[in-house]
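What follows is each chain in one-letter form.
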Amino acid sequence: MLYNELPTQWQRIFELEWESLCMGSKAIAAVITDENGGIISEARNMTGESHIPNPKTAHAETEAVRNLDIDCYPNKWNYTLYSGLEPCVMCMGTLVMGGIRKVEIAARDDFGGAIDLLTANDFLKNKNVQVVWHGELLGDIQRGLQTMRELLFNTDRDKLGRMLKDFSVYNKRGVDAAIKLVDDGFFDGKQPAYYTAEEAVNEILNIISD
Ligand SMILES: [Zn+2]
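Chemist: Provide a residue-level description of the side chain of Asp109, including the pertinent values.
Modeler: Looking at the element boundaries, Asp109 is found in the loop between β4 (102–107) and α4 (117–120). Here Asp109 falls in the buried class, since its relative accessible area comes to 11%. The residues touching Asp109, leaving out its near neighbours within four places in the chain, are Leu85, Glu86 and Arg143.

Here it is in C-alpha cells:
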C-alpha cells in the first residue's frame, strides 16, 4: 500500500495532519464529504499555534463542522465526517449539534476519545449517529504521524512515554514505525517541512510492510 492508493479523503487528512505537525500542532485532521464523496469542508488541529485566540479548543473535527458552509451544503444529515482520531467530548458534541450523522474514524483513542457517549447519553443516542471504524492500517498511519509529532516537539519525557503507550494500545505497529524512522535519522538536520505528507506516510507504510 502506498499513500496515493489511499482513498482521497484520507490522503487529504494525512496531508493536513502533516501541515499541523510542521506548525507544531497535533497531527490530527478531519474532512466532511457530501453524498457523492466530495470534500466540502476540512480542518486541522491548531492547538500549538498562538496566532489564533484560545488555540486549545482548535480541534480538527470542531473546526471542520464550523467551516461547513451550510448555505451551499444544507443536507448536513447526509454528510460524513472523516477523522484521523476518535473525536473528543467537545468535537463529539459539536458534530452532533452540527447535524452530522455519520462518522468514519481511523484510530481509536481510549484516553481522550468520546464515542462511548453516543450510547451513554440519551440525547446523543436519539441522534442515531453511525460510526465506522477503519482497519488497522489507517490507524497505524494516524498514530505514526502523532508519534513523530511528539518525538519532535514533546520535551516532557514522562508525558511522552505515557502518550506513546496510549497510542500503542491499538496501533503499536504505527508507533514503532515512527520511532524507528526517527531513530534512523529521518529528521537529522532537517525541518519536518522538508518532507511532504506523502513521503512521511510512505516511509511509515514501508516499515510496516517489512
Ligand atoms: Zn476534539
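Next comes the rest of the description.
Chemist: Kindly report on the coordination of the zinc ion, identifying the contributing residues and their values.
Modeler: Protein coordination at the zinc ion comes from His59 (ND1), Cys88 (SG) and Cys91 (SG), with a distance range of 2.1 to 2.3 Å. Mapped onto the polypeptide sequence, the residues donating to the zinc ion form the spacing pattern H-x28-C-x2-C. Of this pair, His59 sits in the loop between β2 (39–44) and α2 (60–67) while Cys91 sits in helix α3 (residues 89–97), placing them 32 residues apart in sequence.

Chemist: Which residues make up the nonpolar core, and what values do they have?
Modeler: In terms of nonpolar packing, the biggest core is built from 30 residues, with Phe14, Trp18, Leu145, Met148 and Val201 touching the most fellow members. At the level of elements, α1 (8–22), β1 (29–33), α6 (136–153), α7 (157–183) and α8 (197–209) are the ones that each hand at least two residues to this core. Of all the elements, α8 adds the most residues to this core, at seven residues. Those residues in contact with Phe14 that sit more than four places away from it in its chain are Tyr3, Leu6, Leu138, Ile141, Gln142, Leu145, Ala197 and Val201. Counting 24 residues, the second-largest nonpolar core is a separate cluster that includes Ala30, Ile100, Ile115 and Val129.

Chemist: Help me get a handle on the pairing of β2, residues and values and all.
Modeler: Relative to β2, β1 is paired through five bridges, and the arrangement is antiparallel. Among the inter-strand pairings, Ile32 is bridged to a residue of β2, identified as Ser41.

Cut-offs and rules
Residues numbered from 1 in each chain as written. Predicted model: local features only at pLDDT ≥ 70, side-chain atom pairs only at ≥ 80, totals over all residues. Heavy atoms only, no water. Helix = DSSP H or I, 4+ residues; strand = E, 2+ residues; numbered from the N terminus. Buried < 20%, exposed > 50% of the residue type's maximum accessible area, 1.4 Å probe, protein only. Contact = heavy atoms within 4.5 Å. Donors = N, O, S within 2.8 Å, 3.2 Å for Na, K, Ca; no water. Core = buried A, V, L, I, M, F, W, Y, C linked by side-chain atoms within 4.5 Å. Pairing = 2+ DSSP bridges.

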